[in-house]
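A structural walkthrough
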Amino acid sequence: MIGVSRIFCAFESIPNSAYNLALGNPVININGYGFGAQNDPRSIILNKNIHFSGTIGNKFSVSSLRESSWLVGVPLQKYHLGFGVNSFGNQLYQESTVSFIGAGRLKEKLAWGISANYYTIFIQNYGNASTGGLTLSWESSLSDNFTFVGLITNINKPIIGISEDALPQIISAGFIYQFENKIKAYLSREQDLVYKGSLKFGFSYTPTPFFGVAIGSGSNPGIISGGLFLAMSKYKIEYGIISYENIGRYSHKISMYYTIPFSK
């Protein structure tokens, strides 16, 4: 029999892009691009073209704790599809998630997204285990500048391993403000069904389509973050860094994008 026990912190790492990390690492995808669509599937509709993205980084400035993410998104008339892979860990402990993403619009001001996730965990000398989960997110346009976003992760309450440990379930809601594609700010609440909730805030400024900067903060745990992006034609690169006040360590990520332009 193969199984894993005592994995209370499994799959708590958010597979975000570097710029969303810079914005405070919210579970909702504020930037609208990159690998954040795995945990916030409705955000894949914001990409109008076929796009590829990849993200790499180290957790807590520990070189052996490597996290990598890869995503492809494809718009198909009224719907958008995506496929993503995320991995985290080292030779002793490894988490992997494969996601199939679908999203669309019910009305002009209402969008939805769902991701079917296959989770696998490996611990050396203990073996591996796997399970499946569903994440649902949606957005509603309140005005030309304000958008409401809601999200529920693992709505089917998945468990993993012979000890049947529950994977994290997070409910999040937030407001996004955007002005002339140059200024964006958000405020969100994240509530894990087991642990104390957190409040997150972030702000980005994009003076030109080729450059932008972002900062963010959050509570429980206390975090401060920042980063930037550079873009040229069909390519884009992002860098984000986040500092954890309670442990005095930081994590950082780099994201890269390639977009195939075409007319719908």
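Bear in mind that the values here come from a model prediction, so they are computed numbers and not experimental data. (Residues numbered from 1 in each chain as written. Predicted model: local features only at pLDDT ≥ 70, side-chain atom pairs only at ≥ 80, totals over all residues. Heavy atoms only, no water.)

1. Digging into the overall build of the chain
Let me state the cut-off plainly: The way it works is that DSSP assigns letters per residue, a run of H or I at least four long becomes a helix, a run of E at least two long becomes a strand, and they are numbered from the N terminus. Radius of gyration: C-alpha atoms only; globule rule: 2.2 Å multiplied by the number of residues to the exponent 0.38. Residue burial is assigned from relative accessible area. The probe radius is 1.4 Å, only protein chains are included, and a residue is buried under 20% of its type maximum, exposed over 50%, and partly exposed in between. What makes two residues a contact is simply this: any of their non-hydrogen atoms within 4.5 Å. In these tables, accessible area is a Shrake-Rupley quantity obtained with a 1.4 Å probe, and a residue counts as shielded only by the protein chains included in the view. Residues scored as positive are Lys and Arg, those scored as negative are Asp and Glu, and His as well as the terminal groups of each chain are ignored. The atoms used to mark charge sites are NZ of Lys, CZ of Arg, CG of Asp and CD of Glu.
Along its length, the chain carries 1 helix and 16 strands. For a compact globule of 264 residues, the expected C-alpha radius of gyration is about 18 Å, and the chain comes in at 18 Å, within 12% of that figure. The C-alpha extent of the chain, read off along each of the three principal axes, is 55 × 40 × 35 Å. Counting only residues that meet the buried cut, the chain has 48% of its 264 residues in that class. If you take every contact in the chain between residues at least 6 apart in sequence, the share linking residues at least 24 apart comes to 46%. Of the accessible surface of the chain, which amounts to about 13200 Å², a share of 64% is contributed by carbon and sulfur atoms. Computing the positive centroid from 20 side-chain charges and the negative centroid from 14, the chain places the two 5 Å apart.

2. Some words on the environment of L199
Within the fold, L199 resides in strand β12 (residues 198–208). Using a relative accessible area of 42% as the deciding quantity, one classes L199 as partly exposed. Along the chain, L199 and S217 lie 18 residues apart, while their C-alpha atoms are 8.6 Å from each other. When near neighbours in sequence (up to four residues on either side) are disregarded, L199 contacts L187, S188, R189, S217, G218 and S219.

3. Quick look at the pairing of strand β6 (residues 127–141)
Short version of the rule: Strands are labelled as partners when DSSP assigns at least two bridges between them.
When strand β5 (residues 110–123) meets β6, the two strands line up antiparallel, connected through 14 bridges. Residue pairing in the sheet places I121 in a bridge with A129 of β6. Counted between consecutive antiparallel strands, the loop separating β5 from β6 contains 3 residues, among which N125 sits at a positive phi close to 75°.

4. Digging into the packing of aromatic side chains
What counts here: We call Phe, Tyr and Trp rings a pair once their centres come within 6.5 Å, taking the six-membered ring for Trp, and we label the pair stacked below 30 degrees between planes, edge-to-face above 60, and tilted otherwise.
All chains considered together, the criterion is met by 7 aromatic pairs. Each ring, one from F83 and one from F100, has its centre 5.2 Å from the other, and the planes form 55°; the classification is tilted. Here the residue F83 occupies a position in strand β3 (residues 79–89), and F100 occupies one in strand β4 (residues 93–107), the gap between them amounting to 17 residues. Judged by its relative accessible area of 35%, F83 is partly exposed.

5. Structural notes on the nonpolar core
So the rule is basically this: Buried Ala, Val, Leu, Ile, Met, Phe, Trp, Tyr and Cys residues that are joined via side-chain atoms within 4.5 Å together make up what is termed a nonpolar core.
If you look at the biggest cluster of nonpolar residues, it comprises 15 residues, and the most contacted ones within it are L23, V27, I28 and I30. Elements supplying a minimum of two residues to this core: α1 (18–22), β7 (146–152), β10 (170–179) and β14 (223–232). Contacts of L23, omitting those with residues within four sequence positions, involve I30, N31, Y186, F201, G202, F203, S204, A214, I215, G216 and S225. Ranked by size, the runner-up nonpolar core spans 8 residues in total, among them I45, L71, I101 and A111.

Nothing here speaks to function; it is all geometry.
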